[in-house]
Amino acid sequence: MGCLDAAEARFGPYFFSVGSHVINSLLERKIEKRPDKVRLPGRILFLTEDPELIKRQLAGWDMPWDTKNPAANPKLRDDISTDEITPAHYCFYFDETLGEIPYLGLKCGGVTPIGRGDVKRGGFVCAVSGKRRGKGSSREQSPYAEMCAGIRVVIAENIERIYKQNCQNLGVLTSTDFGLIDKIRAREEIALSEFTRGEDEITRQVIEYGGLFNFNVARMQGRVFLPPIRPAARGGEAVPNRAVPNRAASNRAMPNRAAKNRAASPFTQNGVLPMTLAEKIFARHMINERGEMGVPSVKPGDSGFARADLRFSHEYVTPMAAIFFEHYVGKDAKVNDPSSIIFFRDHLTFLDEVISEEKKKLGLLDLATQLKLKQQDFAAKQGIKLHGELRDRKGSEGICHSIVLESYALPGQLNIGSDSHTPHVGAIGCVAFGIGTTDVFNSWITKDVRVKVPESVRVVIRGKKHENVTAKDFILKILSLDYVRSGKALAKVMEYAGEAIEELSVDERATMTNMAAEIGGFTGIVAPDKKAVDFLVERRGMDRAKAEKMIEGLYSDPGAQYAHVIELDAAEITPMVATPGDPGNGKYIRELNTPVPVEIAYGGTCTAGKNEDMDMYAAVLADALKRGKRVAESCKFYIQFGSQETREYCVRRGYLEIFQKAGAHVIEPSCGACINAGPGVSTRPDQVVISAQNRNFPGRSGPGQMYLASPLTVAASAVAGYIVEYEPSERREMVTA
């Protein structure tokens, strides 16, 4: 039996559909594990809240750290986002130049103490920080920049899922054990098991092989152990392979308790334990021992590989992934099933309008153009669909998440994308999550993605919401909760339910699932129902009977277990803002002590550039026009469509005329201001912005002070010139009468 035949017998044919020339090349590749012990000769950089302590470390001082008495140590920076590790404009680099970049955007005490090349020159081998390290974007440039600067291990109190997985994929070690600090300083040999302890079997092997690609090659060569996923049953016994029967959905209240022993569940039926909606979808997509898709059931902690229905990436990630693919696999290699891969040119369409002269002189605009060209070339070579720029005017076909929801995602699917906001399409009832560059290019080979089945958090919002409250207010409230802010929701599925959620349209549900990324969750999901069916029929032209068939069984089983249950009363939630610095800084507008004047109002991005968001902007501005008002002279209001489909919707509804008469500036689809790459960004530190986007991390959208709010609040504030709740004129007249 030849090498290819032997491998195919071991793993089944799904590995080999990319072409035998590629597989033969990989099967013959020599792959070695890391040594069992590592020594980390170098310095430790403590990312503290005090910028002076950081500057002194960069100048050569080794800061003392008492691992026995943590309270005696200086305060470490929490919530370090990937925007701060590698600011967006520097992500145009996709080579070792990134080693000069790490922490250029890191704000401590209101200043950015780290300059270009400082970390690399400092000889640091380890970086230490506080809670929620690596939150935000899925950009793999962040750990890659750290690695190229010499950082080999990251230590933090807790670490965001995508960032941690990107580190593991690249070979950067991660830990939450501050006791390692003493060992690194003493230059002791450290057992590799210190970094694999507590990890699942597959993650342990990825770390041992020094990264995902090496692991995947070893996987093809049959040199790794893939643990079988065995359904748990009463008493923890395995049950025979059989389909889980459909059960009627339960609307009963879920008790607010931690997950209990699943084997003890009274709802166990036919020997298979009940599952959440996300677990059901994972079970359908996990690769079984025969190399086929589907296992009877899964539970949190099960690890394996899941077949993706759809894989997408945008111009920030595709070029780096393409270079990795060509370097590691081969320049003439073909991707696996190009029909299920989509590329988007959506992030940098308007960059030339806002990029500074200083950054132009650094060649960053030219680099951004190279990203576009590399993606175009790779798409053409591989036969991959590219949603690109418009040909008759400036702008793009649409933001990736907007288009995937409008045109591609289906209930029950598993989708992966090169962006942390990939959960956007969970609004239609699919599992969708963000991945990094290495995951992207590996998925082009295998068509699957490494998964450790996450726990779920059920978020139940009961009752009826106020007229001026939106899904954005709901999610800002959730983000402000201690459970989320402390990092307890990290890497968990956020399952939204309750009467108030059921009343939301698919567009509004997408705001909730989209911002599972800000929670740090694995994904967000809403069980598909009649509104999901209506969306597929009205927006896709799908046959209703086909759509109804598609959602059958897509609900959480009665008795499904959750890590935590959050219960909120919609009637108690009023319009909110997140104050500058973090989406978790949620406050009710009525709690703001003094009026907050705004110079810029921005409505757009994947989160707030959908059809229903446009309904809200139009309603507020039409109401203002009736009262003889327009956008305040002191404020510029930008409205940016999420897609051309949404733009056409606005044309049909007559919204463009309303926007123009009210004094709003309308922009063609693109990510734009949200990533500091389009009109609507701030230009001064004292400039106040109110935005309907999803993030307000320091420096993400310019140097100004950004408040996050709903489309209704953003539009009302643009008219008033300061942050204000929207109050429909009809209700206002009733109150004053």
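Only a predicted model underlies this, so the values are computations on that prediction, with no experimental measurement involved. (Residues numbered from 1 in each chain as written. Predicted model: local features only at pLDDT ≥ 70, side-chain atom pairs only at ≥ 80, totals over all residues. Heavy atoms only, no water.)

**Student:** Explain the nonpolar core here, please?
**Tutor:** Side chains that are nonpolar tend, in soluble globular proteins, to be buried together. Grouped together as the largest cluster of nonpolar side chains are 81 residues, with contacts concentrated most on Phe-282, Val-298, Phe-325, Leu-348, Phe-433, Phe-441 and Trp-444. Of the residues forming this core, the biggest block, six residues, is contributed by helix H11 (residues 212-220). Not counting chain neighbours up to four residues away, the residues in contact with Phe-441 comprise Phe-213, Ala-321, Phe-324, Phe-325, Tyr-328 and Val-329. (Core = buried A, V, L, I, M, F, W, Y, C linked by side-chain atoms within 4.5 Å. Buried < 20%, exposed > 50% of the residue type's maximum accessible area, 1.4 Å probe, protein only. Helix = DSSP H or I, 4+ residues; strand = E, 2+ residues; numbered from the N terminus. Contact = heavy atoms within 4.5 Å.)

**Student:** Help me understand the side chain of Ser-443, please; the structure alone is not making it clear to me.
**Tutor:** Along the chain, the position of Ser-443 falls in helix H17 (residues 437-446). Only 2.7 Å separates the side chain of Ser-443 from the backbone oxygen of Val-440, close enough to count as a polar contact. Dropping the residues within four chain positions of it, Ser-443 is found in contact with Arg-311, Ile-416 and Asp-448. (Polar contact = N/O pair within 3.5 Å; in protein donor to acceptor, adjacent residues only side chain to side chain.)

**Student:** What is the right way to read the pairing of strand S15 (residues 493-497) from this model?
**Tutor:** Along any regular strand the residues' side chains alternate between the sheet's two faces. Summarising burial for S15: five of the five residues are buried, a large majority. The alternating pattern of S15 places Val-493, Glu-495 and Ala-497 and Met-494 and Tyr-496 on opposite faces, both of which are buried. Inspection of the sheet shows strand S14 (residues 456-462) paired to S15 by five bridges, in the parallel sense. Paired with Val-459 across the strands is Tyr-496, a residue of S15. Judged from the four bridges that link them, S15 and strand S16 (residues 523-526) form a sheet pairing that is parallel. Within the sheet, the bridge partner assigned to Val-493 lies in S16 and is Thr-523. (Pairing = 2+ DSSP bridges.)

**Student:** Whenever I open this one, helix H15 (residues 364-382) confuses me. Can you help?
**Tutor:** What sets the pattern is the α-helix's 3.6 residues per turn: residues three or four places apart point alike. Taking 1.5 Å per residue, 19 residues should reach 27 Å; H15 reaches 27 Å between its end C-alpha atoms and fits that length. By the burial criterion, the buried members of H15 are Leu-364, Ala-368, Leu-371, Gln-375, Phe-378, Ala-379 and Gln-382. Angular distribution of buried residues about the axis of H15 spans 100 degrees; they occupy a single face of the element. Set apart from the buried face of H15 by more than 90 degrees, the exposed residues are Asp-366, Asp-377 and Ala-380. (Expected span 1.5 Å × (residues − 1). Arc of directions from axis to C-beta.)

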